[in-house]
Amino acid sequence: NHQSDMMHRLKTQLPVLFKTVPLDPLYANVLTLFTTHEIVSTPFAGQTVLESHASLARSEHQSEETAAFFVKQLRDRVVQHNLRVVARYYTRIRSLRLAALLGLSYDELEVHLSEIASGGDLYVKIDRPAGIVCFHERPQPEQVLSDWASDVGKMLQLMEATCHIINRENMVYKV
């Protein structure tokens, strides 16, 4: 939530902050990709250029393992963004279809789903035999009962108001 909030604030403040300094269109494009609720295709436009940037590539200040770690983090963040987008639009989806949408193998998909679910970012339930991934949590029985009770209460209020109006009309016609 904090990262998403920061990216949205940065996106709104870019025209104010960088009036005189030109912002690289590649970074503005990546920021737009992560702030819209759309699936980011992998590899996205400019991903190779972004991965070859000094902060992600091997340099004299950074070892090969560190560079590989940061590239993996970028790819993981893209997959996590895509999972959040899918969870926003779908409550249930077949796991093979989800893997195809995200461009992952089934095993990679399960790893990413379990990581995002164990972190508490999304509610995910995987039905392996049926091959279905659910993104919504079933309501607790107490919640269902209280919803029904409030609906019954509203219905009784409407019936009481209707009976009052009918009785009033009968009284007016009798006079």
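The preceding data block contains the structure.
The rules we used
- Each chain carries its own residue numbering, running from 1 in the written order of its sequence.
- At least 70 in pLDDT is required for a residue's local features to be given in this predicted model, at least 80 for side-chain atom pairs to be given and counted, and no such filter applies to totals for whole chains, interfaces and linings, which use all residues.
- To get the side-chain values, take all heavy atoms of the structure and skip hydrogens and water.
- Only DSSP runs of H or I covering at least 4 residues are called helices, and only runs of E covering at least 2 are called strands; the numbering of each starts at the N terminus.
- What the globule rule says is 2.2 Å times the number of residues to the power 0.38, and the radius of gyration is computed from C-alpha atoms.
- The classification of residues rests on relative accessible area computed with a 1.4 Å probe and restricted to protein chains. Under 20% of the type maximum is buried, over 50% is exposed, and intermediate values are partly exposed.
- In protein, a polar contact requires one atom able to donate a hydrogen and another able to accept it; more generally it is a pair of N or O atoms within 3.5 Å, and residues adjacent in sequence count only if both atoms are side-chain atoms.
- In what follows, a contact means two residues having at least one pair of non-hydrogen atoms within 4.5 Å.
- Surface patches are defined over residues having more than 30% relative accessible area and no salt bridge, joining like charges when they lie within 9 Å and nonpolar side chains (Val, Leu, Ile, Met, Phe, Trp, Tyr) when within 5 Å.
- Reported accessibility uses the Shrake-Rupley method at a 1.4 Å probe radius. Residues are deemed covered only where the shown protein chains occlude them.
- Salt bridges are counted wherever a side-chain nitrogen of Lys or Arg sits within 4 Å of a carboxyl oxygen of Asp or Glu.
- For helices, the fitted line uses only the C-alpha atoms of the stretch in contact; every axis is such a line through C-alpha atoms, and the angle between N-to-C directions lies from 0 to 180 degrees.
- Angular relationships are summarised with four words: roughly parallel below 35 degrees, roughly antiparallel beyond 145, roughly perpendicular across 65 to 115, and oblique for the angles in between.
- Crossing handedness: left-handed means the near helix sits turned counterclockwise from the far one by under a right angle, and right-handed means the same turn made clockwise.
- Charged means Asp, Glu, Lys or Arg here, nonpolar means Ala, Val, Leu, Ile, Met, Phe, Trp, Tyr, Cys or Pro, and polar covers whatever is left, Gly included.
- For the charge count, each Lys or Arg is scored as positive and each Asp or Glu as negative, with His and the chain ends excluded.
- One atom stands in for each charge, and that atom is NZ of Lys, CZ of Arg, CG of Asp or CD of Glu.
- To estimate how far a helix should reach, multiply one less than its number of residues by 1.5 Å.
- It is the directions from the helix axis to the C-beta atoms whose arc is reported.

Enquirer: Please clarify how the overall build of the chain should be interpreted in this entry.
Expert: Along its length, the chain carries 7 helices and 3 strands. When the elements of the chain are put in sequence order from the N terminus, they spell out α-α-α-α-β-α-α-β-β-α. Relative to the 2.2 N^0.38 estimate, which gives 16 Å for 175 residues, the radius of gyration of the chain is 26 Å and therefore markedly larger than a compact globule would have. Burial statistics for the chain: of 175 residues in total, 25% are counted as buried.

Enquirer: What is the right way to look at the side chain of T35 in this model?
Expert: Assignment of secondary structure puts T35 in helix α2 (residues 25-35). A polar side-chain atom of T35 sits 3.3 Å from the main-chain carbonyl oxygen of T32. Apart from residues lying up to four places away in sequence, T35 is in contact with M7, H8 and K11.

Enquirer: When you look at a nonpolar patch on the surface in this model, what are you seeing that I'm missing?
Expert: A cluster of nonpolar side chains, V152, M155, L156 and M159, forms an exposed patch at the surface whose accessible area comes to about 380 Å². Note on placement: M159 falls in helix α7 (residues 141-174). By relative accessible area, which is 46% here, M159 ends up partly exposed.

Enquirer: Would you explain the environment of P141 in this entry?
Expert: With respect to the element layout, P141 can be found in helix α7. What makes P141 exposed here is its relative accessible area of 52%. Along the chain, P141 and S4 lie 137 residues apart, while their C-alpha atoms are 33 Å from each other.

Enquirer: What exactly am I supposed to notice about the packing of helix α1 (residues 2-17) against α2 here?
Expert: A packed helix pair is summarised by two numbers, namely the angle formed by the two axes and the spacing between the axes. At a minimum axis separation of 10 Å, α1 and α2 run at an interaxial angle of 135°. The pairing of α1 with α2 is recorded here as oblique in orientation. Every pair of crossing elements has a handedness; the one defined by α1 and α2 is left-handed. Each of M7, H8, L10, K11 and L14 in α1 lies in contact with α2, whose residues at this interface are L31, T32, F34 and T35. Split by residue class, the contact of α1 with α2 holds 5 nonpolar, 3 polar and 1 charged.

Enquirer: Is there a simple way to think about a positive patch on the surface in this case?
Expert: On the surface, R92, R94, K125 and R138 cluster together to form a positively charged patch. Here K125 is to be found in strand β2 (residues 125-127). Residue classification places K125 among the partly exposed residues on the basis of a relative accessible area of 48%.

Enquirer: For this particular structure, what's the right way to read helix α6 (residues 106-118)?
Expert: An α-helical turn contains 3.6 residues, so a residue and the one three or four places further along point in the same direction. Its 13 residues give α6 an end-to-end C-alpha distance of 18 Å, which sits within 8% of 18 Å, the value for a rise of 1.5 Å per residue. Among the residues of α6, L109, E110, H112, L113 and I116 are the ones counted as buried. For α6, the arc enclosing every buried residue in end-on projection is 170°, short of the 170-degree limit, so these residues lie on one face. Turned more than 90 degrees off the buried face of α6, the exposed positions are D107 and S118. Where α6 ends, the next residue or the one after it, G120, has phi of about 80°, a positive value.

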